Amino acid sequence: MTIRFDGQVAIVTGAGGGLGREHALALAARGAKVVVNDLGGARDGSGGSATAAEAVVAEIEAAGGEAMANAASVTDAAAVEAMVAEVMARWGRIDILVNNAGILRDKSFAKMELADFRLVMEVHLMGAVHCTKAVWDIMRAQNYGRIVMTTSSSGLFGNFGQANYGAAKMALVGLMQTLAIEGAKNDIRVNALAPTAHTRMTEDLQGLPLEALGPELVTPGLLHLVSRDAPTRAILAAGAGGFERAYVTLTQGDFAVGSDAPEQVAARFDAISDRAGEIVPEMGAAQGMIELTKAQKHHGS
């Protein structure tokens, strides 16, 4: 089965370089009309220019594809809405949204300014919210949409010096989980991609064989997540040609009530943590159901 995107329109944010550029080029090569969105700023989010986006559009057009450049900041909801309106006026539909735009303001939490925390959250989380909100009703009306949030192992598992980045990236997983539920009836499938790639965002990292981490090795996973046969609510990790699934799970736990409940929790923490029988909940209410089942069993009802 060949994955194709003929007749489809894709928006890729942060597509002026690195992962976003590879995503945009690959989507165009497989038939999609691509909106190359990139503010053109520095790695920390400062500055801005349409040059990077225009260069990727030129690459796509030189290869026989169709694309348009856009330099809106994803933090500007009005500018994002204007971008979407321009796309609809030109191509009449939007099938795919890849929320890839991001910045870094790394410091240990003790040394981090709150302004740097807020800005990273604004770009990664609210940027994805702005873009997704702008296309959501269009996809609902089409009864078709594919959306990918770019998360990170820094959010899923933590990373020193990236409290702001990790918080934003894990927040995107929560956004993905809920939107996948809400979009299901309109065939809007929402997934998360956790890439490991050598881009300007990772050029300062120590201990990684950066030459083996080309961003083009991540893009095959992205193409599956936005294809017609895509899964939904998947967290796909990708890097160096390797692909893995990450899950948010829930153990079966244990039960503790009474005046010594805190001590019971402490004494049974290993049992509470036991991963035998753990589940991947279909929705958040599963936690309450598990807890109520334990309570009913305890009370003999």
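Calculation rules
Sequence positions are assigned chain by chain, starting from 1 and proceeding in written order. Whole-chain, interface and lining totals are the exception, using all residues; otherwise, since this is a predicted model, local features are given only for residues with pLDDT of at least 70 and side-chain atom pairs are given and counted only at 80 or more. To obtain the side-chain values, all non-hydrogen atoms of the structure were used and water was disregarded. Here a strand is any run of E in DSSP of at least two residues, a helix any run of H or I of at least four, and the numbering for each starts at the N terminus. Each radius of gyration reported is based on C-alpha atoms, and the globular scaling rule is 2.2 Å times the count of residues to the power 0.38. Three exposure classes are used, based on accessible area relative to the maximum for each residue type with a 1.4 Å probe and protein chains only: buried under 20%, partly exposed in between, and exposed over 50%. The criterion used for residue contact is that any of the two residues' heavy atoms lie within 4.5 Å. Computed by Shrake-Rupley with a 1.4 Å probe, the accessible areas treat only the displayed protein chains as cover when residues are assessed. None of His or the chain ends enter the tally, which takes Lys and Arg as positive and Asp and Glu as negative. One atom stands in for each charge, and that atom is NZ of Lys, CZ of Arg, CG of Asp or CD of Glu. Expected helix span is taken as 1.5 Å per residue step, with the number of steps being one fewer than the number of residues. Arc definition: it is the arc formed by the directions from the helix axis to the C-beta atoms. Here the rule is simple: two strands pair whenever DSSP picks up at least two bridges between them. For crossovers, right-handed means that the path from the first strand over the helix to the second runs clockwise, given strands pointing away from the viewer. As used in this record, nonpolar core signifies buried Ala, Val, Leu, Ile, Met, Phe, Trp, Tyr and Cys residues forming a set joined through side-chain atoms within 4.5 Å.

J.: How would you summarise the overall build of the protein chain if you had to cite specific residues and measurements?
T.: Helix and strand content of the protein chain: ten helices and eight strands. The C-alpha radius of gyration computed for the protein chain amounts to 21 Å, which stays within 12% of the reference 19 Å derived for 301 residues, consistent with globular compactness. Here the protein chain holds 301 residues, and 44% of them are scored as buried. In the protein chain, 70% of the contacts between residues at least 6 apart in sequence involve partners at least 24 apart. For the protein chain, the exposed surface amounts to about 14,600 Å²; the carbon and sulfur share of it is 55%. One finds the centroid of the 25 positive side-chain charges in the protein chain at a distance of 4 Å from the centroid of its 33 negative side-chain charges.

J.: For helix H3 (residues 77-91), give the residues involved together with the corresponding values.
T.: With 15 residues, H3 ought to run about 21 Å at 1.5 Å a step, and its terminal C-alpha atoms sit 21 Å apart, in line with that. Those residues of H3 lying buried are Val80, Met83, Val84, Val87 and Trp91. For H3, the angular spread of buried residues about the axis comes to 95°, placing them on one side. Residues Ala78, Glu81 and Ala89 are exposed on H3 and point more than 90 degrees away from its buried face. Next to the buried residues of H3 lie strand E1 (9-13), strand E2 (33-37), strand E3 (67-70) and helix H4 (114-142). Two residues or fewer after H3 comes Gly92, characterised by a positive phi angle close to 80°.

J.: Break down the pairing of strand E5 (residues 145-150) for me, with residues and values.
T.: When you tally the buried positions in E5, you get six out of six residues, the bulk of the element. The alternating pattern of E5 places Gly145, Ile147 and Met149 and Arg146, Val148 and Thr150 on opposite faces, both of which are buried. Two elements, strand E4 (residues 96-99) and E5, share four bridges in a ladder whose sense is parallel. For Asn99, the partnering residue across the bridge sits in E5 and is Met149. Handedness of the β-α-β unit built from E4, H4 and E5 comes out right-handed. Sheet analysis places E5 next to strand E6 (residues 188-196), joined by six bridges and oriented parallel. Directly across from Gly145, in E6, lies its bridge partner Ile188.

J.: Got a sec to walk through the nonpolar core? Specific residues and values, please.
T.: Within the largest apolar cluster, 43 residues are counted, with the highest numbers of intra-cluster contacts made by Ile11, Val87, Ile94, Ile147, Met149 and Val190. At the level of elements, E1, H3, H4, E5, helix H6 (163-183), E6 and strand E7 (235-239) are the ones that each hand at least two residues to this core. Among the elements that take part in this core, H4 stands out by supplying eleven residues, more than any other. Those residues in contact with Ile147 that sit more than four places away from it in its chain are Leu97, Asn99, Thr132, Trp136, Met139, Ile188, Arg189, Val190 and Asn191. Membership of the second largest hydrophobic core comes to 30 residues, among which are Ala24, Ala28, Ala32 and Leu193.

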